Amino acid sequence: MNTSAGGAARIKTTTVGSYPLPDWLVALPSEQALVDATRVVIDTQEQAGIDVVCDGELYRFDINHPETNGMIEYFVRPMSGVRQEIGLAEWLDFRKAPGMKFRTRPSGVVEGPVGPGILDLMTPCARAKALATKPFKFTLTGPHMLAKMLLNNYYKDKRELAMAIADVLAEQVKHLDAEIVQIDEANLPGNPDEAEWAAAALNRVADAAKNRVAVHLCFGNYGGQTTQKGTWGKLIDYLNALRVDHIVMETMRRPREELEAFKDLRTDIGLGIGVVDVKSTVIETADEIARTLDHAESVLGRDRIKYIHPDCGFWMLKRYIADGKMRALVQGRNRYEGIS
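Caption draft 1: Seen up close, the pairing of strand E7 (residues 212–217). Burial of E7 is extensive: five of the six residues sit out of reach of the surface. With five bridges connecting them, strand E6 (residues 180–184) and E7 associate as parallel partners. What sits directly across from Ile-183, in E7, is Val-215. Each parallel crossover has a hand, and for E6 linked through helix H8 (residues 195–206) to E7 it is right-handed. By the bridge criterion, four bridges tie E7 to strand E8 (residues 246–249) in an arrangement that is parallel. When the bridges of E8 are listed, His-216 appears paired with Val-248.

What follows is the structure, given as structure tokens:
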């Protein structure tokens, strides 16, 4: 046990972003219902004791595709220069790209200069922040992943496309009033050879933010299945190249020895580790999470870990499971730190 002075937690709890869609939002969608659902998601986190709350990424809700969480389409469909109508030949071209076995078709076809179009992240950010009484984190998909999900028929290469997307996102991010802006790059762990240009693109977005910036990386989750192979050791140079406040990493469903890789992380970058397994429907106990934290600090040292969180988003779980995991997250941290 590591007792925190005065009862204040030294390790903060947060979620990664997504939350299961409430059934009633899918059944009777409306603008008011979306606001109400966002209020419920934020209040559920606050009641659980989460320190930094998210909006559940409900702002990306698409009535025509409620089974997805809009991680790609929400961002690229409004952009100019991206065509949505995709033919068979284009599907086949996209499927030839390395590392895309988990996705059979692109989210769009780039056929001209990428511009902001009608993309608007400021409105959903402001709407959710107004509902939160605790520090608020807004999440968005990063330029590397968005570039990888598009068929590029205009730019010289994916790097050039990613930089163009980064410029669009940077213009949006500079107007976001959130304590933390988290950029998600969930395709990079399986493609570490692209790390150099991925870091350059992400930094272009991060540099535009008003407040703290985090980056989230994971090895994917679809129906409880990992979608990519790789190791964190191959991405330490990438992480050290980032101009961010902290990182939000999948570590619970990873080999325990991988924590050693983070000893080489720049000390001015805060470390967030996953202590909740989103690929499992079993709700962790407070003792299990406390033991996970104890092991992590025994490897990395006291005060190196700044945040704990789930490995990834909750959107594929049932709500009662996600809620239970959030309560356990806080209870486990409190038990470890001796907070009553």
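Caption draft 2: The arrangement of helix H10 (residues 286–300) in detail. Along its 15 residues, H10 runs 21 Å from first to last C-alpha, staying within 8% of the 21 Å computed at 1.5 Å per residue. Taken together, the buried positions of H10 are occupied by Ala-286, Ile-289, Ala-290, Thr-292, Leu-293, Ala-296, Glu-297, Val-299 and Leu-300. Those residues of H10 hidden inside the fold are in contact with strand E9 (270–276), strand E10 (305–310) and helix H11 (319–337).

Caption draft 3: The arrangement of the pattern of salt bridges in detail. For the structure shown, the criterion picks out 21 salt bridges. Salt-bridge contacts for Arg-243 lead to Asp-207; the nearest nitrogen and oxygen are separated by 2.7 Å. Here the residue Arg-243 occupies a position in the loop between helix H9 (236–240) and E8, and Asp-207 occupies one in the loop between H8 and E7, the gap between them amounting to 36 residues. Among the ionic contacts, a cluster of salt bridges with common partners joins Arg-10, Glu-297 and Asp-303.

Caption draft 4: Main features of the packing of aromatic side chains. Inspection of every chain in the model, using the stated rule, returns six aromatic pairs. Taken together, the ring pairs connect Tyr-59, Tyr-74, Phe-75 and Phe-138 into an aromatic cluster. Residue placement shows Arg-254 over the ring face of Phe-219; its charged tip is 3.7 Å from the ring centre.

Caption draft 5: Focus on the sheet that holds strand E3 (residues 109–115). On the basis of which strands lie adjacent, the open sheet formed by three strands has the order E2-E3-E5 and mixed pairing. Looking at the sheet topology across the chains shown, the edges are occupied by strand E2 (80–83) and strand E5 (151–152). Bridge count between E2 and E3: three bridges; the pairing is antiparallel. In the strand pairing of E3, Val-82 is matched with Val-110.

Caption draft 6: Local environment of the pairing of E6. The element E6 is extensively covered by neighbouring structure, given that five of its five residues are classed as buried. Side chains of E6 alternate between two faces, with Ile-180, Gln-182 and Asp-184 and Val-181 and Ile-183 buried alike.

Conventions and cut-offs
Residues numbered from 1 in each chain as written. Predicted model: local features only at pLDDT ≥ 70, side-chain atom pairs only at ≥ 80, totals over all residues. Heavy atoms only, no water. Buried < 20%, exposed > 50% of the residue type's maximum accessible area, 1.4 Å probe, protein only. Helix = DSSP H or I, 4+ residues; strand = E, 2+ residues; numbered from the N terminus. Pairing = 2+ DSSP bridges. Right-handed = clockwise from strand over helix to strand, strands pointing away. Expected span 1.5 Å × (residues − 1). Contact = heavy atoms within 4.5 Å. Salt bridge = Lys/Arg side-chain N within 4 Å of Asp/Glu carboxyl O. Phe/Tyr/Trp six-rings, centres within 6.5 Å; stacked < 30°, edge-to-face > 60°. Lys NZ or Arg CZ within 6 Å of the ring centre and 35° of its normal.

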